[in-house]
Amino acid sequence: MTVRARFLAPDGTPLSGALVFRAPATLTFPQADVILGGPVSTPLDAQGAIEVTLPATDAPDMEPSGWAYIVTEQLSGIPVGRSYNILLPRAQPEVDLADIAPTDPSKPNYVGVPGPVGPQGVPGTPGSRIYSGTAAPVAGLGADGDVYVRYETSTVLGVTSTTVSTWQRSAGTWAQLGGDIRGAAWYVNTASTPSTGTRPGDMLLRTDTGDLWQRGASGWGSAVGNLRGPKGDTGATGQTGATGPGGVVQSVNGKSAAAVTLSAADVGALATSAAGAPSGVATLGADGKVPAAQLPTTGGGGAVDSVNSKTGVVVLTASDVGALDQAAADARYAQTSAAVLLAGTQTISGGKTFSAIPSTTAAPTTANHLARKSYVDALGGGEWLPSDHGLLTWAFDPALGQSTALYPGSGPIRITAVILRVPVTVTRIVWFATGYAGGLTTGSWAAIYDSAGTRVAATGDMSTATYEPAEVHTAGGATISSPLTASYAAPAGVYYVASRWQYNTTTGDGPMLLASESGAGAPPNVFGQTPVRRFGVYTAGAAAAPATITVGAMENGANRFWCALA
């Protein structure tokens with residue numbers, strides 16, 4: 001139900017305040033699983049009006065039923081507001097309080113109730129109707145008082161116009177009301193235009209004669225004007241050149257002939273067809289003239305009659321000799337020293353910035369060749385890479401580790417070498433534990449050293465909550481890690497990951513860490529032609545990560561522990 005009301009002072013000034021609508025303490029709608037409760041306070045807006053939506057007092061499936069709203073008026077400037085009851089039956093979805101508020105609310109339990117619906121009134125006289133069409137109304141259409149609107153659309157010389165006229169029926173006859181309604185139209189043609197489809201006031205321009213016509217009641221009639229003015233006076237004679245009156249040309253670029261035709265090369269320009277010199281062009285001698293051997297054998301020498309069909313003081317432009325001016329040449333052959341060849345071998349020196357990344361379809365054959373991304377991605381083949389597991393690098397594929405993990409021991413420094421192929425930012429050191437119950441003590445740490453043995457990053461004390469790896473009690477183990485005290489921007493290269501584990505014996509032997517095959521009594525851990533020791537140990541240990549380690553003094557560790565960087 002929508003309830004509206006407006007409250008004004010006797011002088012029309014909007015009142016302020018609020019209206020409060022109170023229903024029973026709670027209204028329950030079991031089918032909708034909804035309970036409503038509390039009064040509804042609706043403030044008056046700037047016009048002194050309210051509009052509020054409330055449940056109908058006879059809404060179906062509502063408990064309780066048979067109640068009425070208590071309306072309390074809390075209006076500013078009126079010390080004692082009215083309070084009265086109203087019913088909001090759903091048969092009237094919209095109601096104004098002015099229609100149902102009691103005139104004497106002092107009577108107790110006064111409830112405004114809508115009255116019964118009255119009888120249907122006597123049908124009234126039919127009103128006038130409006131018809132429309134494209135032709136005049138027929139005699140038998142409509143009744144007296146009806147109106148007819150006629151829309152005539154016509155297209156003349158590509159101009160479409162619509163004429164509107166109105167008609168009214170009176171005493172059984174249709175009569176037009178006033179004249180036609182339509183703005184004037186302009187037509188353009190090279191011949192006379194028929195009057196059909198045009199209206200008085202339309203304009204016609206004859207482009208062949210310049211005559212202007214205006215349509216009258218009976219047709220176009222005679223021209224009313226002409227756009228063409230009378231022929232102008234002859235202009236004054238132009239000035240002659242600075243060297244005197246025009247005459248025959250004596251020479252052009254050192255050439256003397258009856259008719260001289262200059263090429264692009266003759267005026268130091270670039271031909272539009274190509275950058276080379278066109279065939280058939282004379283080559284000037286050291287004196288700047290065409291040698292006699294290159295002059296035409298026909299026609300006598302002497303004064304030049306014309307240059308490229310021009311006489312008098314001749315000034316030739318690049319277009320006169322089929323050449324490009326500097327701006328056009330730069331636009332077509334933009335370059336600073338040499339153009340990039342579309343084919344063939346060429347060396348391009350200096351740093352270059354490309355607006356789009358160069359691409360190649362060929363596989364690289366030397367270290368300095370470009371390589372496409374698909375080629376690099378394919379290098380991994382079917383092998384799993386660290387990036388496939390969210391890691392930056394690892395000592396080896398962890399799936400190749402021993403099924404039974406190993407204890408790192410309490411005290412020695414364990415070393416595992418890793419390699420970074422590209423620069424990365426490292427934030428954590430990662431291990432894999434098949435079981436770990438906690439219990440690290442002070443002196444437990446991990447660090448990263450470069451290939452020279454200089455410490456470049458480290459964790460904090462791994463006996464503290466911030467840096468101690470998480471415990472592992474799940475079947476099959478889990479990845480554990482410790483964060484660095486600060487992220488490290490690592491260049492590409494070989495790094496040594498060192499870790500020292502100190503723990504008490506009451507909670508076990510510390511973490512059981514994933515390792516590779518470690519059955520050999522003293523594995524070499526140095527492979528190929530490089531001196532890098534992939535796995536090692538410093539049995540002496542250290543209470544904190546040393547600033548440097550002596551790589552050459554690293555012992556050959558029998559246990560090859562897996563680790564990674566992230």
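For the structure, see preceding data.
Residues numbered from 1 in each chain as written. Predicted model: local features only at pLDDT ≥ 70, side-chain atom pairs only at ≥ 80, totals over all residues. Heavy atoms only, no water.

1. So, the sheet that holds strand β1 (residues 2-6)
Taken together, three strands build an open sheet; the order of strands is β6-β1-β9 and the sheet is mixed. Whereas interior strands pair on both sides, the edge strands pair on one side only; in this sheet they are β6 (49-53) and β9 (94-96). Neighbour to neighbour, the strand axes of the sheet diverge by 15° on average, direction disregarded. (Pairing = 2+ DSSP bridges. Helix = DSSP H or I, 4+ residues; strand = E, 2+ residues; numbered from the N terminus. Axes fitted to C-alpha atoms, helices over the stretch in contact; angles between N-to-C directions.)

2. Quick notes on the environment of Asp388
Mapped onto the elements of the fold, Asp388 is located in the loop between α3 (373-378) and β23 (393-394). Judged by its relative accessible area of 44%, Asp388 falls in the partly exposed class. Separated by 2.8 Å, the side chain of Asp388 and the backbone nitrogen of Leu385 make a polar contact. (Buried < 20%, exposed > 50% of the residue type's maximum accessible area, 1.4 Å probe, protein only. Polar contact = N/O pair within 3.5 Å; in protein donor to acceptor, adjacent residues only side chain to side chain.)

3. Description of the packing of aromatic side chains
Centre-to-centre distance and the angle between the planes together describe a pair of aromatic rings. Going through the model one piece at a time under the given rule, you end up with five aromatic pairs. Seen from their ring centres, Tyr488 and Tyr495 are 6.3 Å apart, and the 75° between their planes marks the pair as edge-to-face. Tyr495 carries the same exposure label as Tyr488, and that label is buried. (Phe/Tyr/Trp six-rings, centres within 6.5 Å; stacked < 30°, edge-to-face > 60°.)

4. Details of the layout of surface pockets
Volume-wise, the largest pocket comes out at about 760 Å³. Residue lining of the largest pocket: 24 residues in total, with Pro386, Thr393, Trp394, Ile419 and Arg421 positioned closest to the centre. Sorting the residues of the lining of the largest pocket by element identifies β23 and β24 (413-420) as the ones contributing at least two each. Of all the elements, β24 adds the most residues to the lining of the largest pocket, at four residues. Taken together, the residues of the lining of the largest pocket sort by class into 18 nonpolar, three polar and three charged. (1 Å grid on protein atoms, 1.4 Å probe; cavity = no way out; pocket = protein on both sides within 12 Å on 5 of 7 lines; lining within 4 Å. Points joined across faces, edges and corners; volume = space filled by probe spheres on them. Nonpolar A, V, L, I, M, F, W, Y, C, P; charged D, E, K, R; others polar.)

5. Some details on empty space enclosed by the protein
One pass over the full model with this rule turns up two cavities of 30 Å³ or more. Its volume calculated, the largest cavity comes out at about 60 Å³. If you go around the largest cavity, the residues you meet are Arg414, Ile415, Thr416, Trp431, Val497, Ser499, Trp501, Leu513, Phe561 and Cys563. Elements represented by at least two residues in the lining of the largest cavity include exactly β24 and β29 (493-500). With three residues, the top contributor of residues to the lining of the largest cavity is β24.

6. Some remarks on the sheet that holds strand β16 (residues 203-206)
Sheet strands line up and pair through hydrogen bonds in the backbone, either parallel or antiparallel. Strand order in the open sheet made by the four strands is β15-β16-β17-β18, with mixed pairing throughout. Here the strands that pair on one side only, and so sit at the sheet edges, are β15 (186-189) and β18 (225-226). Examined bridge by bridge, β16 and strand β17 (residues 211-214) share three bridges and lie antiparallel to one another. Paired with Met203 across the bridge in β17 is Gln214.

7. Details of the pattern of salt bridges
By the definition in use, this model includes eight salt bridges. Linking Glu152 and Arg150 is a salt bridge whose minimum nitrogen-to-oxygen distance equals 3.0 Å. Glu152 sits in the partly exposed class, given a relative accessible area of 22%. Of the charged contacts in the structure, one is a salt bridge between Glu152 and Arg199, with a shortest N-O distance of 3.2 Å. Of this pair, Glu152 sits in strand β12 (residues 147-156) while Arg199 is found in the loop between β15 and β16, placing the two residues 47 residues apart along the sequence. A single network of salt bridges, built from pairs that share partners, joins Arg4, Glu51 and Glu94. (Salt bridge = Lys/Arg side-chain N within 4 Å of Asp/Glu carboxyl O.)

8. Side note on the pairing of strand β4 (residues 34-37)
Relative to β4, strand β3 (residues 26-29) is paired through four bridges, and the arrangement is antiparallel. Looking across to β4, one finds that Leu27 is bridged to Leu36. Counted along the chain from β3 to the antiparallel partner β4, the turn is four residues long, and its residue Asp33 has a positive phi close to 55°.

9. As for the nonpolar core
Core analysis: the largest hydrophobic core is formed by 29 residues, its most contacted members being Ile429, Trp431 and Ile448. Within the residue set of this core, elements represented by two or more residues are β24, β25 (424-435), β26 (445-450), β28 (478-490) and β29. The greatest single-element share of this core, amounting to five residues, is contributed by β25. Beyond its immediate chain neighbours, meaning those up to four positions away, Ile448 contacts Val426, Ile429, Thr454, Arg455, Val456, Ala457, Leu484, Tyr495, Tyr496 and Leu565. Listed in part, the 27 residues of the second largest apolar core include Phe7, Tyr69, Val71 and Ala101. (Core = buried A, V, L, I, M, F, W, Y, C linked by side-chain atoms within 4.5 Å. Contact = heavy atoms within 4.5 Å.)

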